Amino acid sequence: MNSKVDDFIRNAKKWQSEIIQLRTLLLDCGLTEEFKWRNPCYSFQGNNIVLIGSFKAFCSLSFFKGILLQDSNELLSKPGENSQSMRFFKFNNPKEIAEQQSIIKAYIYEAIEIEKAGLKVIFKTKEELELVEELQMALDNNPAFKTAFKALTPGRQRAYNIYFSGSKQSKTRETRIEKYTQRILDGKGINDCICGLSKKMPNCDGSHKYI
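Note that the structure is a prediction, hence the values are computed from the model and not measured.

S.K.: Can you walk me through the side chain of Asn161 in this structure?
M.R.: Looking at the secondary structure, you find Asn161 in helix 7 (residues 154-164). For Asn161, a relative accessible area of 8% puts it in the buried group. Among the polar contacts listed, one links the side chain of Asn161 to the backbone nitrogen of Val132, at a separation of 2.9 Å.

S.K.: Is there a simple way to think about the sheet that holds strand 3 (residues 47-54) in this case?
M.R.: Strand-to-strand pairing in sheets goes through backbone hydrogen bonds, with the strands running parallel or antiparallel. Ordered by their spatial adjacency, 5 strands build an open sheet running 1-2-3-4-5, and the pairing between neighbours is antiparallel. Looking at strand neighbours, the two that pair on one side only are strand 1 (32-36) and strand 5 (87-91), the edges of this open sheet. Shown here is a sheet whose adjacent strand axes are inclined to one another by a mean of 25 degrees, direction ignored. Bridge analysis of strand 3 against strand 4 (residues 59-63) gives 5 bridges, and the strand direction is antiparallel. Each bridged residue has a counterpart across the sheet, and for Gly53 the counterpart in strand 4 is Ser60.

S.K.: What is the right way to look at the packing of helix 1 (residues 3-11) against helix 2 (residues 16-28) in this model?
M.R.: In contact at an axis separation of 9 Å, helix 1 and helix 2 are set at 155 degrees when each is read in the N-to-C sense. Comparing the axis directions of helix 1 and helix 2 gives the class roughly antiparallel. With respect to the hand of their crossing, helix 1 and helix 2 are arranged in left-handed fashion. The segment helix 1 lies against helix 2, with Val5, Asp6, Phe8, Ile9 and Arg10 engaging Gln16, Ile19, Ile20 and Arg23. Among the residues forming the contact of helix 1 with helix 2, the class breakdown is 5 nonpolar, 1 polar and 3 charged.

S.K.: What's the story with the pairing of strand 2 (residues 39-44) in this structure? I'm lost.
M.R.: In the case of a regular strand, side chains alternate between the two sheet surfaces. Taken across its 6 residues, strand 2 has 6 buried, putting it largely inside the fold. Here strand 2 shows two buried faces, one formed by Asn39, Cys41 and Ser43 and the other by Pro40, Tyr42 and Phe44. In this sheet, strand 2 lies alongside strand 1 in antiparallel orientation, the contact comprising 5 bridges. Bridging from a neighbouring strand, Glu34 pairs with Cys41 of strand 2. Linking strand 1 to strand 2, which pair antiparallel, is a turn of 2 residues; within it Trp37 sits at a positive phi near 55 degrees. Sheet topology places strand 2 next to strand 3; 4 bridges connect them, and they run antiparallel. Looking across to strand 3, one finds that Tyr42 is bridged to Val50. In this structure, the hairpin formed by strand 2 and strand 3 is closed by a connection of 2 residues, where Gln45 is found at a positive phi of approximately 50 degrees.

S.K.: How should I be thinking about empty space enclosed by the protein in this particular structure?
M.R.: Here the idea is plain: a probe the size of a water molecule rolls over the atoms and shows the empty space left. By the definition in use, this model includes 1 cavity of 30 Å³ or more. Looking at the largest cavity, its volume works out to about 50 Å³. Looking at the largest cavity, the residues that line it are Asn48, Ile49, Phe63, Phe64, Lys65, Gly66, Leu69, Ala111, Ile114 and Glu115. For the lining of the largest cavity, the elements supplying multiple residues, two or more each, are strand 3 and helix 4 (101-116). Considering every element that reaches the lining of the largest cavity, the biggest residue donor is helix 4, with 3 residues. Grouping the amino acids of the lining of the largest cavity by side-chain chemistry returns 6 nonpolar, 2 polar and 2 charged.

Conventions used here
- Residues numbered from 1 in each chain as written.
- Predicted model: local features only at pLDDT ≥ 70, side-chain atom pairs only at ≥ 80, totals over all residues.
- Heavy atoms only, no water.
- Helix = DSSP H or I, 4+ residues; strand = E, 2+ residues; numbered from the N terminus.
- Buried < 20%, exposed > 50% of the residue type's maximum accessible area, 1.4 Å probe, protein only.
- Polar contact = N/O pair within 3.5 Å; in protein donor to acceptor, adjacent residues only side chain to side chain.
- Pairing = 2+ DSSP bridges.
- Axes fitted to C-alpha atoms, helices over the stretch in contact; angles between N-to-C directions.
- Parallel < 35°, antiparallel > 145°, perpendicular 65-115°, else oblique.
- Left-handed = near helix turned anticlockwise from the far one by under 90°.
- Contact = heavy atoms within 4.5 Å.
- Nonpolar A, V, L, I, M, F, W, Y, C, P; charged D, E, K, R; others polar.
- 1 Å grid on protein atoms, 1.4 Å probe; cavity = no way out; pocket = protein on both sides within 12 Å on 5 of 7 lines; lining within 4 Å.
- Points joined across faces, edges and corners; volume = space filled by probe spheres on them.

Printed below as a string of structure tokens:
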């Protein structure tokens with residue numbers, strides 16, 4: 001047991017009982033308890049298996065390679081539309097966990113077997129990223145723009161694509177693309193600051209002017 005997880009549970013404003021239940025269940029499955037990304041993390045022979053999460057509306061048990069699980073009970077959800085690997089259970093009360101304990105353990109043991117077999121998630125490459133139609137058209141019609149976009153890291157490409165596709169109206173998507181064309185030509189990500197860091201990075205305090 002990891003003392004940082006003890007602190008995490010002690011300081012949790014919600015879901016303490018649920019987190020304790022999940023912790024006990026995971027340790028019973030023989031996993032190693034660690035503390036990563038500010039959350040309890042459980043691994044097998046150095047490989048991350050699951051992560052306990054605490055959110056406003058629910059607590060969760062997230063499988064790092066959840067996409068490889070059979071999920072015959074259809075209980076797993078995607079954390080986000082663009083999540084390629086992780087899948088998670090959501091819980092709202094201790095009774096849910098108690099009633100599904102045997103099922104949850106079966107998923108955990110399956111995840112362990114996936115690690116033992118050395119199975120890997122095949123992630124989409126940046127060439128396989130499904131671009132919003134208006135962005136694809138802009139790239140096809142502007143070779144320099146296409147070259148600059150492909151030179152961005154996959155994460156930056158994905159961030160732009162998510163933002164551009166966030167509008168239901170084609171005209172708005174086109175306007176967004178036009179607005180950020182020069183930024184892309186300059187090799188900047190949508191979250192990059194003039195200090196050279198992403199606004200999400202801890203060393204950037206967000207006080208700088210964004211390009």
